[in-house]
Amino acid sequence: MADKMKQKILVTGGIGYIGSHTVVDLIENGFEVISVDNGINSDFSVLEGIYSITGKKVLNYPLDLCDPDTCKTIFSEHKDIAGIIHFAALKAVGESVQKPALYFKNNLLSLIHVLEYAVMHKVGAFIFSSSCTVYGEPDHMPVNEDTPLREAESPYGRTKQMGEQIVKDILAHTNVKSTLLRYFNPAGAHPSAYIGESPLNTAQNLVPVITETAIGKRDKMRVFGNDYPTRDGSCIRDYIHVCDLAHAHTLALEYILSGRQHTSCEVFNLGIGQGLTVLEVIQAFEKVTGRHLNYEIGPRRPGDVMAIYSDYKKAAEVLNWKPKYGVDDIMHTAWEWEKRRSAGV
Ligand code: UD1
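Residues numbered from 1 in each chain as written. Predicted model: local features only at pLDDT ≥ 70, side-chain atom pairs only at ≥ 80, totals over all residues. Heavy atoms only, no water.

Draft legend 1. Up close: the overall build of the protein. Broken down by element type, the protein carries 11 helices and 13 strands. Against the globule reference of 20 Å for 345 residues, the protein gives a C-alpha radius of gyration of 19 Å, in line with a compact fold. Dimensions of the protein, computed from the C-alpha atoms along their principal axes, are close to 55 × 45 × 40 Å. Residues counted as buried form 55% of the 345 residues belonging to the protein. Nonlocal contacts in the protein, meaning residues at least 24 apart in sequence, comprise 81% of its contacts between residues at least 6 apart. Accessible surface computed for the protein: about 15100 Å², of which carbon and sulfur atoms make up 50%. Of the side chains in the protein, 35 bear a positive and 41 a negative charge, and the two mean positions are spaced by 2 Å. (Helix = DSSP H or I, 4+ residues; strand = E, 2+ residues; numbered from the N terminus. Rg over C-alpha atoms; globule rule 2.2 N^0.38 Å. Buried < 20%, exposed > 50% of the residue type's maximum accessible area, 1.4 Å probe, protein only. Contact = heavy atoms within 4.5 Å. Areas by Shrake-Rupley, 256 points an atom, 1.4 Å probe, with all protein chains shown as cover. Lys, Arg positive; Asp, Glu negative; His and termini not counted. Charge placed at Lys NZ, Arg CZ, Asp CG, Glu CD.)

Draft legend 2. Structural detail: unusual backbone geometry. Cis geometry marks the peptide bond from methionine 141 to proline 142; its omega dihedral reads -10°. Residue placement: proline 142 occurs in the loop between strand S5 (125–131) and helix H6 (155–171). At alanine 193, a position not held by glycine, the phi torsion is positive, near 65°. By secondary structure assignment, the location of alanine 193 is in the loop between strand S7 (185–187) and helix H7 (206–215). Alanine 193 gets classed as buried once you look at its relative accessible area, which sits at 7%. Although it is not a glycine, asparagine 320 adopts a positive phi angle of roughly 60°.

Draft legend 3. Representation of the pattern of salt bridges in the model. The tally for this structure, following the rule as stated, stands at 20 salt bridges. A salt bridge links arginine 218 to glutamate 212; its shortest N-O distance comes to 3.2 Å. Accessibility expressed as a relative area gives 9% for glutamate 212, which makes it buried. If you follow the salt bridges from partner to partner, you end up with Glu212, Lys217, Arg218, Glu338 and Arg341 in one network. (Salt bridge = Lys/Arg side-chain N within 4 Å of Asp/Glu carboxyl O.)

Draft legend 4. Local environment of the packing of aromatic side chains. According to the stated counting rule, one finds three aromatic pairs in the structure shown. Arranged with centres 5.5 Å apart and planes meeting at 90°, the rings of phenylalanine 285 and tryptophan 335 form a pair that is edge-to-face. One end of the pair, phenylalanine 285, is in helix H9 (residues 278–289); the other, tryptophan 335, is in helix H11 (residues 327–342), and 50 residues separate them in sequence. Both residues of the pair, phenylalanine 285 and tryptophan 335, belong to the buried class. Ring centres 5.3 Å apart and planes at 80° place the aromatic pair tyrosine 312 and tryptophan 321 in the edge-to-face group. Sitting over the face of the ring of tyrosine 228, arginine 300 holds its NZ or CZ atom 3.9 Å from the ring centroid. Its guanidinium or amino end placed over the ring of phenylalanine 268, lysine 314 lies 4.6 Å from that ring's centre, counting from NZ or CZ. (Phe/Tyr/Trp six-rings, centres within 6.5 Å; stacked < 30°, edge-to-face > 60°. Lys NZ or Arg CZ within 6 Å of the ring centre and 35° of its normal.)

See below:
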(Lines give C-alpha, C1' and ligand atoms only; values in the text may rest on other atoms or scores of the structure.)
Protein backbone atom coordinates (compact mmCIF):
# COMPACT_ATOMS: atom_id res chain seq x y z
CA MET A 1 0.00 0.00 0.00
CA ALA A 2 1.18 3.55 -0.72
CA ASP A 3 2.68 5.44 2.21
CA LYS A 4 -0.30 6.83 4.09
CA MET A 5 1.64 9.95 5.06
CA LYS A 6 1.35 10.98 1.46
CA GLN A 7 -2.39 10.42 1.29
CA LYS A 8 -4.38 13.59 1.59
CA ILE A 9 -8.03 13.40 2.53
CA LEU A 10 -10.60 16.15 2.02
CA VAL A 11 -13.21 16.11 4.78
CA THR A 12 -16.28 18.22 4.11
CA GLY A 13 -17.95 19.32 7.32
CA GLY A 14 -14.67 18.73 9.14
CA ILE A 15 -15.54 20.88 12.14
CA GLY A 16 -18.96 19.30 12.64
CA TYR A 17 -19.72 16.67 15.24
CA ILE A 18 -18.89 13.44 13.39
CA GLY A 19 -16.54 15.26 10.99
CA SER A 20 -14.23 16.53 13.73
CA HIS A 21 -13.94 13.11 15.40
CA THR A 22 -13.18 11.58 12.02
CA VAL A 23 -10.50 14.19 11.32
CA VAL A 24 -8.82 13.17 14.59
CA ASP A 25 -9.06 9.47 13.74
CA LEU A 26 -7.62 10.02 10.25
CA ILE A 27 -4.68 12.01 11.62
CA GLU A 28 -4.03 9.35 14.25
CA ASN A 29 -3.93 6.79 11.45
CA GLY A 30 -1.36 8.67 9.42
CA PHE A 31 -3.44 10.61 6.92
CA GLU A 32 -3.07 14.28 6.06
CA VAL A 33 -6.40 16.08 6.31
CA ILE A 34 -7.84 19.26 4.85
CA SER A 35 -11.36 20.40 5.66
CA VAL A 36 -14.05 22.55 4.12
CA ASP A 37 -16.69 23.81 6.53
CA ASN A 38 -18.47 27.16 6.44
CA GLY A 39 -19.37 26.99 10.14
CA ILE A 40 -23.12 27.05 9.48
CA ASN A 41 -23.77 24.70 12.39
CA SER A 42 -20.44 24.45 14.18
CA ASP A 43 -17.83 26.58 15.80
CA PHE A 44 -14.39 27.20 14.32
CA SER A 45 -12.90 26.71 17.81
CA VAL A 46 -13.27 22.97 17.11
CA LEU A 47 -10.02 23.34 15.15
CA GLU A 48 -8.26 24.16 18.44
CA GLY A 49 -9.76 21.05 20.02
CA ILE A 50 -8.41 18.96 17.13
CA TYR A 51 -5.01 20.58 17.62
CA SER A 52 -5.04 19.83 21.36
CA ILE A 53 -5.65 16.14 20.66
CA THR A 54 -3.43 15.58 17.62
CA GLY A 55 -0.89 18.41 17.66
CA LYS A 56 -1.84 19.10 14.03
CA LYS A 57 -3.21 22.36 12.67
CA VAL A 58 -5.85 21.35 10.13
CA LEU A 59 -6.36 23.67 7.19
CA ASN A 60 -10.09 24.50 6.93
CA TYR A 61 -11.67 26.36 4.03
CA PRO A 62 -14.58 28.34 5.54
CA LEU A 63 -16.51 28.10 2.27
CA ASP A 64 -19.97 27.00 1.15
CA LEU A 65 -20.01 23.91 -1.08
CA CYS A 66 -23.22 25.10 -2.74
CA ASP A 67 -21.02 27.70 -4.42
CA PRO A 68 -19.58 25.97 -7.51
CA ASP A 69 -16.30 27.88 -7.08
CA THR A 70 -15.55 26.31 -3.70
CA CYS A 71 -14.37 22.97 -5.10
CA LYS A 72 -12.52 24.79 -7.87
CA THR A 73 -10.52 26.73 -5.26
CA ILE A 74 -9.73 23.67 -3.14
CA PHE A 75 -8.79 21.37 -6.03
CA SER A 76 -6.64 24.02 -7.70
CA GLU A 77 -4.63 24.29 -4.48
CA HIS A 78 -4.53 20.53 -3.79
CA LYS A 79 -3.88 18.33 -6.81
CA ASP A 80 -3.21 15.25 -4.70
CA ILE A 81 -6.46 14.49 -2.88
CA ALA A 82 -6.66 10.69 -2.50
CA GLY A 83 -10.07 10.50 -0.88
CA ILE A 84 -13.08 12.53 0.17
CA ILE A 85 -15.30 12.02 3.20
CA HIS A 86 -18.47 14.02 2.70
CA PHE A 87 -20.26 15.05 5.91
CA ALA A 88 -21.28 18.62 5.08
CA ALA A 89 -25.08 18.73 5.33
CA LEU A 90 -27.96 20.08 7.36
CA LYS A 91 -29.35 17.45 9.73
CA ALA A 92 -32.27 18.74 11.79
CA VAL A 93 -35.26 16.55 11.01
CA GLY A 94 -37.87 19.07 12.26
CA GLU A 95 -36.29 22.02 10.43
CA SER A 96 -36.28 19.98 7.21
CA VAL A 97 -40.07 19.70 7.43
CA GLN A 98 -40.35 23.50 7.81
CA LYS A 99 -37.77 24.33 5.12
CA PRO A 100 -37.67 21.44 2.63
CA ALA A 101 -36.29 23.53 -0.26
CA LEU A 102 -33.35 24.61 1.90
CA TYR A 103 -32.57 20.96 2.71
CA PHE A 104 -32.78 19.74 -0.88
CA LYS A 105 -30.70 22.66 -2.19
CA ASN A 106 -28.09 22.57 0.53
CA ASN A 107 -27.63 18.82 0.94
CA LEU A 108 -27.91 17.79 -2.71
CA LEU A 109 -26.25 20.67 -4.55
CA SER A 110 -23.15 20.51 -2.36
CA LEU A 111 -22.98 16.74 -2.84
CA ILE A 112 -23.21 17.01 -6.64
CA HIS A 113 -20.47 19.66 -6.74
CA VAL A 114 -18.11 17.51 -4.65
CA LEU A 115 -18.84 14.41 -6.76
CA GLU A 116 -18.16 16.26 -10.02
CA TYR A 117 -14.76 17.29 -8.73
CA ALA A 118 -14.05 13.81 -7.38
CA VAL A 119 -14.57 12.45 -10.90
CA MET A 120 -12.71 15.28 -12.63
CA HIS A 121 -9.67 14.90 -10.37
CA LYS A 122 -9.75 11.08 -10.29
CA VAL A 123 -10.03 10.90 -6.52
CA GLY A 124 -9.72 7.26 -5.41
CA ALA A 125 -12.37 7.04 -2.72
CA PHE A 126 -15.60 8.78 -1.81
CA ILE A 127 -17.30 8.14 1.55
CA PHE A 128 -20.87 9.36 2.00
CA SER A 129 -22.47 10.06 5.34
CA SER A 130 -25.87 8.37 5.26
CA SER A 131 -28.32 7.36 7.94
CA CYS A 132 -30.49 4.52 9.19
CA THR A 133 -33.36 6.87 8.46
CA VAL A 134 -33.28 5.41 4.89
CA TYR A 135 -34.89 2.22 6.31
CA GLY A 136 -37.94 4.09 7.61
CA GLU A 137 -39.93 1.90 10.05
CA PRO A 138 -38.63 -1.61 9.32
CA ASP A 139 -40.68 -4.81 9.76
CA HIS A 140 -37.85 -6.91 11.13
CA MET A 141 -35.03 -6.27 13.54
CA PRO A 142 -32.06 -6.06 13.48
CA VAL A 143 -31.73 -4.22 10.19
CA ASN A 144 -29.03 -5.34 7.75
CA GLU A 145 -27.91 -3.69 4.51
CA ASP A 146 -30.38 -5.78 2.47
CA THR A 147 -33.38 -4.61 4.47
CA PRO A 148 -35.62 -2.84 1.93
CA LEU A 149 -35.64 0.94 2.09
CA ARG A 150 -38.94 2.58 3.01
CA GLU A 151 -40.41 5.98 2.32
CA ALA A 152 -38.39 8.41 4.47
CA GLU A 153 -40.26 10.26 7.23
CA SER A 154 -38.84 13.72 6.46
CA PRO A 155 -37.22 15.83 3.73
CA TYR A 156 -33.94 15.36 5.66
CA GLY A 157 -34.35 11.59 5.33
CA ARG A 158 -35.14 11.95 1.64
CA THR A 159 -31.93 13.93 1.09
CA LYS A 160 -30.08 10.89 2.47
CA GLN A 161 -31.98 8.44 0.23
CA MET A 162 -31.51 10.67 -2.82
CA GLY A 163 -27.91 11.34 -1.82
CA GLU A 164 -27.13 7.62 -1.83
CA GLN A 165 -28.63 7.29 -5.31
CA ILE A 166 -26.77 10.35 -6.60
CA VAL A 167 -23.45 8.97 -5.34
CA LYS A 168 -24.09 5.61 -7.05
CA ASP A 169 -25.24 7.15 -10.35
CA ILE A 170 -22.53 9.81 -10.68
CA LEU A 171 -19.71 7.41 -9.79
CA ALA A 172 -21.10 4.29 -11.53
CA HIS A 173 -18.92 4.31 -14.63
CA THR A 174 -15.89 6.02 -13.16
CA ASN A 175 -12.84 4.85 -11.24
CA VAL A 176 -14.00 6.58 -8.07
CA LYS A 177 -15.09 3.93 -5.59
CA SER A 178 -17.62 4.82 -2.96
CA THR A 179 -18.96 3.75 0.41
CA LEU A 180 -22.33 4.64 1.87
CA LEU A 181 -22.18 4.58 5.67
CA ARG A 182 -25.58 4.31 7.36
CA TYR A 183 -25.23 5.64 10.88
CA PHE A 184 -27.58 4.62 13.64
CA ASN A 185 -27.58 7.08 16.59
CA PRO A 186 -24.16 8.71 17.06
CA ALA A 187 -23.55 10.02 20.59
CA GLY A 188 -20.81 10.68 23.15
CA ALA A 189 -17.63 12.70 22.79
CA HIS A 190 -13.88 12.30 22.46
CA PRO A 191 -12.48 10.89 25.75
CA SER A 192 -10.16 13.93 26.02
CA ALA A 193 -13.28 16.17 26.21
CA TYR A 194 -11.60 18.57 23.74
CA ILE A 195 -14.25 17.95 21.10
CA GLY A 196 -17.85 16.76 21.23
CA GLU A 197 -21.29 17.68 20.02
CA SER A 198 -21.92 21.41 20.19
CA PRO A 199 -24.83 22.38 17.99
CA LEU A 200 -25.08 26.13 17.42
CA ASN A 201 -28.85 25.78 17.46
CA THR A 202 -30.91 24.20 20.24
CA ALA A 203 -30.02 20.53 20.69
CA GLN A 204 -32.69 18.12 19.44
CA ASN A 205 -30.97 14.77 19.82
CA LEU A 206 -31.46 12.73 22.96
CA VAL A 207 -27.97 12.66 24.47
CA PRO A 208 -27.20 16.41 24.25
CA VAL A 209 -30.72 17.10 25.51
CA ILE A 210 -29.96 14.89 28.54
CA THR A 211 -26.62 16.57 29.31
CA GLU A 212 -28.03 20.08 28.79
CA THR A 213 -30.84 19.26 31.22
CA ALA A 214 -28.48 17.80 33.81
CA ILE A 215 -26.20 20.85 33.69
CA GLY A 216 -29.16 23.22 34.07
CA LYS A 217 -29.38 24.74 30.58
CA ARG A 218 -32.95 23.39 30.51
CA ASP A 219 -35.31 23.00 33.48
CA LYS A 220 -36.48 19.60 32.36
CA MET A 221 -36.67 17.34 29.35
CA ARG A 222 -39.38 15.25 27.79
CA VAL A 223 -39.46 11.61 26.86
CA PHE A 224 -41.36 11.55 23.59
CA GLY A 225 -43.98 8.88 24.29
CA ASN A 226 -44.26 5.96 26.70
CA ASP A 227 -47.10 4.18 24.91
CA TYR A 228 -45.11 2.40 22.17
CA PRO A 229 -45.32 -1.40 22.14
CA THR A 230 -41.75 -1.74 23.51
CA ARG A 231 -40.50 -3.16 26.85
CA ASP A 232 -41.05 0.12 28.73
CA GLY A 233 -43.17 2.03 26.22
CA SER A 234 -40.42 4.38 24.97
CA CYS A 235 -38.68 4.25 21.56
CA ILE A 236 -35.73 1.97 20.86
CA ARG A 237 -32.54 3.14 19.12
CA ASP A 238 -29.00 1.88 18.61
CA TYR A 239 -26.56 4.39 20.17
CA ILE A 240 -23.04 4.28 18.77
CA HIS A 241 -20.07 6.16 20.24
CA VAL A 242 -18.86 8.88 17.88
CA CYS A 243 -15.23 7.65 18.12
CA ASP A 244 -16.25 4.14 17.01
CA LEU A 245 -18.18 5.72 14.17
CA ALA A 246 -15.24 7.95 13.23
CA HIS A 247 -12.88 4.98 13.05
CA ALA A 248 -15.21 3.16 10.66
CA HIS A 249 -14.65 6.02 8.17
CA THR A 250 -10.89 5.49 8.32
CA LEU A 251 -11.35 1.75 7.77
CA ALA A 252 -13.75 2.27 4.86
CA LEU A 253 -11.29 4.65 3.26
CA GLU A 254 -8.35 2.27 3.74
CA TYR A 255 -10.42 -0.56 2.30
CA ILE A 256 -10.81 1.36 -0.96
CA LEU A 257 -7.37 2.97 -1.10
CA SER A 258 -5.62 -0.37 -0.55
CA GLY A 259 -7.45 -1.84 -3.56
CA ARG A 260 -9.54 -4.32 -1.60
CA GLN A 261 -12.91 -2.96 -2.72
CA HIS A 262 -13.75 -4.49 -6.09
CA THR A 263 -17.28 -3.09 -6.46
CA SER A 264 -18.14 0.47 -7.40
CA CYS A 265 -20.11 1.06 -4.22
CA GLU A 266 -20.47 -0.67 -0.83
CA VAL A 267 -23.00 -0.01 1.92
CA PHE A 268 -22.36 -0.53 5.65
CA ASN A 269 -24.56 -0.20 8.70
CA LEU A 270 -22.82 1.40 11.65
CA GLY A 271 -24.46 0.75 14.99
CA ILE A 272 -23.51 -1.50 17.90
CA GLY A 273 -26.37 -3.92 17.38
CA GLN A 274 -28.01 -3.19 20.70
CA GLY A 275 -31.38 -1.48 21.00
CA LEU A 276 -31.93 0.73 24.05
CA THR A 277 -35.11 2.52 25.06
CA VAL A 278 -35.13 6.23 25.84
CA LEU A 279 -35.76 5.41 29.51
CA GLU A 280 -32.81 2.97 29.58
CA VAL A 281 -30.55 5.69 28.18
CA ILE A 282 -31.72 8.08 30.89
CA GLN A 283 -31.09 5.39 33.56
CA ALA A 284 -27.58 4.83 32.15
CA PHE A 285 -26.89 8.56 32.45
CA GLU A 286 -28.12 8.68 36.04
CA LYS A 287 -26.06 5.60 36.97
CA VAL A 288 -22.83 6.78 35.34
CA THR A 289 -22.95 10.38 36.58
CA GLY A 290 -24.79 9.90 39.87
CA ARG A 291 -27.09 12.76 38.88
CA HIS A 292 -30.86 12.82 38.97
CA LEU A 293 -32.38 13.89 35.66
CA ASN A 294 -35.50 16.04 35.66
CA TYR A 295 -37.71 14.55 32.97
CA GLU A 296 -41.38 14.10 32.23
CA ILE A 297 -43.29 11.92 29.82
CA GLY A 298 -44.59 13.88 26.86
CA PRO A 299 -46.53 12.99 23.71
CA ARG A 300 -44.98 11.08 20.82
CA ARG A 301 -42.82 13.16 18.47
CA PRO A 302 -44.23 13.17 14.91
CA GLY A 303 -42.00 11.26 12.50
CA ASP A 304 -40.33 9.05 15.15
CA VAL A 305 -40.10 5.35 14.33
CA MET A 306 -40.88 2.99 17.20
CA ALA A 307 -37.72 0.90 17.12
CA ILE A 308 -34.60 0.44 15.03
CA TYR A 309 -31.25 -1.22 15.68
CA SER A 310 -28.54 -2.60 13.48
CA ASP A 311 -26.96 -5.78 12.29
CA TYR A 312 -23.38 -4.59 11.68
CA LYS A 313 -21.96 -7.99 10.70
CA LYS A 314 -20.92 -6.73 7.28
CA ALA A 315 -18.77 -3.89 8.68
CA ALA A 316 -17.22 -6.35 11.16
CA GLU A 317 -16.40 -8.93 8.48
CA VAL A 318 -15.38 -6.69 5.58
CA LEU A 319 -13.84 -3.69 7.34
CA ASN A 320 -12.75 -5.53 10.47
CA TRP A 321 -14.60 -2.90 12.47
CA LYS A 322 -15.57 -3.53 16.09
CA PRO A 323 -17.25 -1.01 18.34
CA LYS A 324 -15.18 -0.48 21.50
CA TYR A 325 -17.58 1.66 23.50
CA GLY A 326 -20.97 1.01 25.11
CA VAL A 327 -23.73 3.21 26.47
CA ASP A 328 -21.92 3.88 29.77
CA ASP A 329 -18.90 5.26 27.87
CA ILE A 330 -21.24 7.36 25.75
CA MET A 331 -22.79 8.87 28.86
CA HIS A 332 -19.48 9.41 30.63
CA THR A 333 -17.77 11.14 27.68
CA ALA A 334 -20.86 13.20 26.75
CA TRP A 335 -21.09 14.41 30.35
CA GLU A 336 -17.38 15.28 30.59
CA TRP A 337 -17.72 17.22 27.35
CA GLU A 338 -20.86 19.05 28.51
CA LYS A 339 -19.16 20.12 31.74
CA ARG A 340 -16.12 21.37 29.85
CA ARG A 341 -18.03 23.29 27.20
CA SER A 342 -20.44 24.80 29.71
CA ALA A 343 -17.50 26.05 31.75
CA GLY A 344 -16.26 27.72 28.56
CA VAL A 345 -12.82 26.08 28.86
C1 UD1 B 1 -32.84 11.38 13.87
C2 UD1 B 1 -32.90 10.76 12.52
C3 UD1 B 1 -31.53 10.33 12.08
C4 UD1 B 1 -30.64 11.51 12.06
C5 UD1 B 1 -30.60 12.15 13.43
C6 UD1 B 1 -29.82 13.43 13.28
C7 UD1 B 1 -34.95 9.65 11.89
C8 UD1 B 1 -35.78 8.43 12.05
N9 UD1 B 1 -33.78 9.63 12.55
O10 UD1 B 1 -32.56 10.33 14.78
O11 UD1 B 1 -31.57 9.81 10.80
O12 UD1 B 1 -29.36 11.14 11.66
O13 UD1 B 1 -31.92 12.43 13.89
O14 UD1 B 1 -30.30 14.50 13.96
O15 UD1 B 1 -35.29 10.59 11.21
N16 UD1 B 1 -36.02 11.79 22.38
C17 UD1 B 1 -36.75 12.14 23.52
N18 UD1 B 1 -36.63 13.42 23.98
C19 UD1 B 1 -35.83 14.35 23.39
C20 UD1 B 1 -35.08 13.98 22.24
C21 UD1 B 1 -35.21 12.68 21.75
O22 UD1 B 1 -37.49 11.34 24.07
O23 UD1 B 1 -35.79 15.50 23.87
C24 UD1 B 1 -36.14 10.41 21.86
C25 UD1 B 1 -36.70 10.35 20.44
O26 UD1 B 1 -38.11 10.26 20.47
C27 UD1 B 1 -36.04 9.07 19.92
C28 UD1 B 1 -34.71 9.01 20.68
O29 UD1 B 1 -34.85 9.88 21.78
O30 UD1 B 1 -36.79 7.96 20.31
C31 UD1 B 1 -33.56 9.46 19.81
O32 UD1 B 1 -33.90 10.71 19.22
P33 UD1 B 1 -32.83 11.61 18.44
O34 UD1 B 1 -31.57 11.69 19.22
O35 UD1 B 1 -33.49 12.88 18.04
O36 UD1 B 1 -32.48 10.74 17.15
P37 UD1 B 1 -33.44 10.08 16.05
O38 UD1 B 1 -34.72 10.77 15.95
O39 UD1 B 1 -33.44 8.62 16.33
